[in-house]
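Listed below, chain by chain, are the residues.
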Amino acid sequence: MALLGCLLLSSILFAACGENSPSILNTAGPVAESESGLFWIILWIAVVIFILVEGILIYSIARYRERPGMPNPFQRHGNMTLELIWTVIPTLVLFVILFFTIRGLLEVAPENEPAATAAQPRMAVTAVGHQWWWEFHYPNYNVTTADVLEVPVGTTISVDLFSNNVIHSFWVPALTGKTDLVPGHDNKKWFVADKEGTYMGICAEYCGTQHANMRFEVKVVSKDAFKSWMSTQQQAAATPNEDLAKKGEDLFKNQCASCHGIVGVNVKQYYDTKAQCTDAPGGKANGTPECLIGPNLTHFGSRNLIAGGVLDNNTAQCDPNNPNLLKDCNLAKWLKDPQGIKPGNDMAIGALTNEQIQQLVAYLEGLK
Ligand code: HEC
Ligand SMILES: [Cu+2]
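An unreviewed UniProt entry lists the chain under the name Cytochrome c oxidase subunit 2, with Dictyobacter alpinus given as the organism. Per UniProt, the chain carries the Function (unreviewed entry) text "Subunits I and II form the functional core of the enzyme complex. Electrons originating in cytochrome c are transferred via heme a and Cu(A) to the binuclear center formed by heme a3 and Cu(B)." Among the UniProt annotations of the chain, the heading Sequence similarities (unreviewed entry) holds the following wording: "Belongs to the cytochrome c oxidase subunit 2 family."

Structure, rendered in structure tokens:
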């Protein structure tokens, strides 16, 4: 039984060791390293204390167990020296942990964001928590995207956290710990990614029924790859030239443009939700072009996730002429039944015919 128990336990432990597992111990940058460092310090202190206390306990049980004819042991109740010792030692241990905790807090605090240098530049991003998906705005480039936060490697990413609905929490286990997005309270955070790769991000504060489907990806690419990605994102949407996609664009204008923006089609430019979509004087109301309720779709075809990661955007399976489009292509599934896939989400639309879905897939997946 013990062996079986150990085997089962180890399988649970090692199950988390995959390359891309979103673990705080699988770090890819200095902020997460500082945080996991604190975890290890506290764990090792606890291990030492555990072995010490359990060791003395087991030793005492064996050495001083009751034997026939033994007298009652000496009673130490009320011994001031002992009482002091076992009050002071834990207090000191807690102060050591407090020291490392405060040091860690200061290391990753917004005030300690590294200054931009040639080797490690800085980039600002606004992360907006919607119900239930993430929007990312790049103020220096005037670009807005959703679900995937693409960033260059070795760059300080300075994140402005904004919500105008409920509290969400931004968490990318491999890169940085959690910070809440509190309506009316402007939280900031920063992180650096040292390694290229794709890291999972999660909303870590319960925000409604689809909270678990409010995921995102941080895609870390080389500085050159980022530049070329960004210059594509800055372009207006591609004008479709084949028939299916053209019909898709018309359909979008008629049925989707009240909630989604596509630059060059129904909006002139990307908008900054945090700056424009507020209750403050001069703020725009929900439903205006500056303040649409759904993700901007200008370059939807270049993204990996659909609707907070509830589905992968499996572009390769989305050839509009595929007779099994509705089985194979996740975008088609989403358009067929957004409420079935993500119940309660804000995309409430009338049923589309299979033909319309085919046209929309042709159009949207072409928006690279
Ligand atoms: C009433 C507003 C509304 C209408 C109308 C609407 N959508 Fe949406 N759409 C949303 C919202 C909100 C989301 C995000 C839902 C979520 O993730 O919780 C969304 C998500 C999406 C996504 C996933 C985008 C991403 O980046 O994850 C696609 C694609 C999409 N909609 C396409 C369409 C198309 C095509 C139409 C027209 C047939 C349409 N939508 C009509 C509100 C709307
Ligand atoms: Cu959330």
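Let us now look at the coordination of the copper ion (ligand 2). With distances of 2.1 to 2.6 Å, the protein atoms coordinating the copper ion (ligand 2) are His 168 (ND1), Cys 203 (SG), Cys 207 (SG) and Met 214 (SD). Given four donor atoms and angles of 92 to 124 degrees at the metal, the environment of the copper ion (ligand 2) is assigned as tetrahedral. For the copper ion (ligand 2), the single-chain donor residues occur in sequence as H-x34-C-x3-C-x6-M. Taken together, the residues span a long stretch of sequence, with Cys 203 in strand β9 (residues 197-203) and Met 214 in the loop between β9 and β10 (215-221) at a distance of eleven residues. Both residues of the pair, Cys 203 and Met 214, count as buried.

One pass over the structure, following the stated rule, counts two disulfides. What pairs with Cys 318 in a disulfide is Cys 329, and their sulfur atoms sit 2.1 Å apart. With the S-S bond torsion at 95 degrees, the cross-link from Cys 318 to Cys 329 turns out right-handed. Placement of the pair is Cys 318 in the loop between β12 (311-312) and α7 (325-328) and Cys 329 in the loop between α7 and α8 (330-336), with a sequence separation of eleven residues. Accessibility expressed as a relative area gives 3% for Cys 318, which makes it buried. Judged by relative accessible area, which is 0%, Cys 329 ranks as buried. Each bonded cysteine of the chain gets a number by its place in the sequence, and the pairs then read 1-2, 3-4.

A few words on the environment of Lys 227. Following the sequence through the fold, Lys 227 ends up in helix α4 (residues 223-233). Classification of Lys 227 as exposed rests on a relative accessible area of 59%. In this structure the C-alpha to C-alpha distance between Lys 227 and Val 151, which are 76 residues apart in sequence, comes to 9.6 Å.

Let's shift gears to the UniProt feature "domain: Cytochrome oxidase subunit II copper A binding" (unreviewed entry) in the chain. UniProt feature "domain: Cytochrome oxidase subunit II copper A binding" (unreviewed entry): in the numbering of this structure it lies at residues 120-232. With 9% helix and 53% strand, residues 120-232 has end C-alpha atoms that lie 23 Å from one another.

Reading guide: rules and limits
Residues numbered from 1 in each chain as written. Chains lettered and ligands numbered in written order. Predicted model: local features only at pLDDT ≥ 70, side-chain atom pairs only at ≥ 80, totals over all residues. Heavy atoms only, no water. UniProt positions renumbered as here; feature names shortened; annotations may be inferred. Donors = N, O, S within 2.8 Å, 3.2 Å for Na, K, Ca; no water. Tetrahedral: all angles 85-135°; square planar, octahedral: opposite > 155°, others 65-115°. Helix = DSSP H or I, 4+ residues; strand = E, 2+ residues; numbered from the N terminus. Buried < 20%, exposed > 50% of the residue type's maximum accessible area, 1.4 Å probe, protein only. Disulfide = S-S within 2.5 Å.

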